[in-house]
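Architecture at a glance
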Amino acid sequence: MTEKFTFTLHATDGMARRGTVSMPRGDIRTPAFMPVGTAGTVKAMYPGQVRELGSDIILGNTYHLMLRPGAERVAKLGGLHVFANWPHPILTDSGGFQVMSLAQLRKLDENGVTFQSHIDGRRYELTPERSIEIQGLLDSDIQMQLDECVALPSSEAEIERAMRLSLRWAERSKAAFGEQPGKAVFGIVQGGDVPRLRIASAEALRDMDFKGYSIGGLAVGEPQHVMLEILSITTPVLPAEKPRYLMGVGTPDDILESVARGVDMFDCVMPTRAGRHGLAFTRFGKVNLKNARHAEDHRPLDEASDCPASRDYSRAYLHHLFKANETLAAMLLTWNNLAYYQQLMAGIRGAIDERRFEDFRLATKAGWARGDI
Ligand SMILES: COC(=O)c1ccc(CCNc2nc3cc4nc(N)[nH]c(=O)c4cc3[nH]2)cc1
């Protein structure tokens, strides 16, 4: 066990990287997918199941947890790991993105953002200092700076304003975090879809010497090719010896293509939220189990999968569960989708170890293209 936060690169294959983030609560094998546990739970899953599927770390949200049950209350109850029974690493987002997408009557200025809770209308203030304080109260292992993420498309002036504000908030977040050996605070690269602003943001954050770097401001409605072009110009500016985390991404294809452009860590609600709505991710592409074509299909979702969703049930039964809006529907498809995402990550890591990532990427995409039988 280490008392420090370290990142070790084991292999590279093109721009793809195979590494390990080591922290006191455990190691994170990269490229890594972090299941989203917004309110301190990965919805419809026991923590032990999430762990067994190969998850080394999960994500929590400052915005949701500060509103309910409250950061001070979580601290009083031993911190998020004890509260949620997840003794492994936890990464928390800083709240700015969720405020802008969920809260009402929000006002953003140099000092931070004030807003009304979408739950009970109470007023709150989030500053770089308060966000780091909340993430500390949650006992988060990897904390995010407070930043401002603008939607795309936006004017270059607006993108530049938000990027420079986020740099000032990066300084304040890092100062508020101080020195916490077994933990880390990450800077977040902004700059929208403007190459010169992305490079300026990444260079400034690199000079601030964070332990790791998030790439924000993406997966906000832009086409995949725009996201990939931005990645291609951003990752080379970031220090090779530090982890890179692409926020909110993504589909299996997004992840493959982003690993190929130097990204190490991912989080996305896609496998869990889409699973609750009947969308299954498989090695042969996506399957919408609400579709009537499955109503009398006695075959399993994927006969090669040992996940109970395929091992113990037919497509017809899964279809029925979704039509009946049964709780078991969400449980089984969340299980299937997280199993698929973690198997994909394990396949990516193995392919980089053996220097055959490009073949793996093409073969995986061909499998999806084959489509559902
Ligand atoms: C079924 O699937 C879905 O509903 C669904 C919804 C949203 C996303 C995309 C999420 N994208 C995203 N999350 C993000 C979180 C972020 N946090 C900070 N602090 N700064 C950012 O700049 C930032 C950008 C993001 N972009 C992906 C999937």
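Here, the structure is the one placed above.
The sections below set out a description of the structure shown in this document. Given the structure is predicted, the values throughout are model-derived calculations rather than measurements.

A closer look at the overall build of the protein chain
Within the protein chain, the secondary structure is distributed over 15 helices and 16 strands. For 373 residues, the compact-globule formula gives about 21 Å, and the C-alpha radius of gyration of the protein chain, at 20 Å, lands near that figure. On the principal axes, the C-alpha backbone points of the protein chain span a range of 60 × 50 × 45 Å. By residue count, 57% of the 373 residues in the protein chain fall in the buried class. The contacts of the protein chain with a sequence gap of at least 6 include a subset with a gap of at least 24, amounting to 65%. Here the protein chain contributes 44 positively and 46 negatively charged side chains, and the mean placements of these two sets differ by 3 Å.

Points about the sheet that holds strand 5 (residues 58–61)
Pairing in this open sheet of eight strands is parallel, and the strands run 4-14-13-12-11-10-6-5 from one edge to the other. Each having just a single partner strand, strand 4 (32–35) and strand 5 make up the two edges of the open sheet. Strand-to-strand twist in this sheet, taken as the mean axis angle between neighbours without regard to direction, amounts to 25°. Here strand 5 runs beside strand 6 (residues 90–93); their pairing, made up of four bridges, is parallel.

Regarding the sheet that holds strand 8 (residues 112–116)
Overall, antiparallel pairing links the three strands, which are arranged 7-8-9 in an open sheet. Across the chains shown, the open sheet's two edge strands, defined by having one partner strand only, are strand 7 (104–109) and strand 9 (123–126). The average undirected angle you get between the axes of adjacent strands in this sheet is 15°. As defined by bridge partners, strand 7 adjoins strand 8 across four bridges and the pair is classed as antiparallel. For leucine 108, the partnering residue across the bridge sits in strand 8 and is valine 113.

Things to note about the site of the ligand
Around the ligand lies a shell of 18 residues, among which Asp93, Asp147, Gly217, Leu218 and Ala219 are the nearest. At 2.7 Å, a side-chain N or O of aspartate 93 approaches a nitrogen atom of the ligand. Contact between the ligand and glycine 217: an oxygen atom at 2.7 Å from a main-chain N or O atom of the residue. A per-element tally of the shell around the ligand places helix 11 (residues 270–276) first, with three residues. Tallied by class, the residues present in the shell around the ligand amount to 10 nonpolar, five polar and three charged.

A closer look at helix 8 (residues 195–207)
Helix length check: helix 8, at 13 residues, gives a terminal C-alpha distance of 18 Å against a target of 18 Å (1.5 Å per residue), a fit within 8%. Residues of helix 8 that are buried include every one of Leu197, Arg198, Ser201, Ala202 and Leu205, and no others. Viewed end-on, helix 8 has its buried residues packed into an arc of 130°, placing them on one side of the element. Each element contacted by the buried residues of helix 8 is listed here: helix 7 (156–177), strand 11 (184–189), strand 12 (212–215) and helix 9 (224–234). Just past helix 8, the residue aspartate 209 takes up positive phi, approximately 60°.

Notes on unusual backbone geometry
Cis rather than trans, the peptide bond between arginine 68 and proline 69 has omega equal to 10°. Along the chain, proline 69 falls in the loop between helix 2 (62–67) and helix 3 (71–76). We note that alanine 44 has phi near 70°; this positive angle belongs to a residue other than glycine. We classify alanine 44 as partly exposed; its relative accessible area is 33%. Backbone geometry at asparagine 325 places phi at a positive 55°, although glycine is not the residue there. Along the polypeptide, asparagine 325 turns up in the loop between helix 13 (315–323) and helix 14 (327–353). Given a relative accessible area of 69%, asparagine 325 falls into the exposed group.

Here is what the cut-offs are and how they apply
- Residues numbered from 1 in each chain as written.
- Predicted model: local features only at pLDDT ≥ 70, side-chain atom pairs only at ≥ 80, totals over all residues.
- Heavy atoms only, no water.
- Helix = DSSP H or I, 4+ residues; strand = E, 2+ residues; numbered from the N terminus.
- Rg over C-alpha atoms; globule rule 2.2 N^0.38 Å.
- Buried < 20%, exposed > 50% of the residue type's maximum accessible area, 1.4 Å probe, protein only.
- Contact = heavy atoms within 4.5 Å.
- Lys, Arg positive; Asp, Glu negative; His and termini not counted.
- Charge placed at Lys NZ, Arg CZ, Asp CG, Glu CD.
- Pairing = 2+ DSSP bridges.
- Axes fitted to C-alpha atoms, helices over the stretch in contact; angles between N-to-C directions.
- Near = heavy atom within 4 Å.
- Polar contact = N/O pair within 3.5 Å; in protein donor to acceptor, adjacent residues only side chain to side chain.
- Nonpolar A, V, L, I, M, F, W, Y, C, P; charged D, E, K, R; others polar.
- Expected span 1.5 Å × (residues − 1).
- Arc of directions from axis to C-beta.

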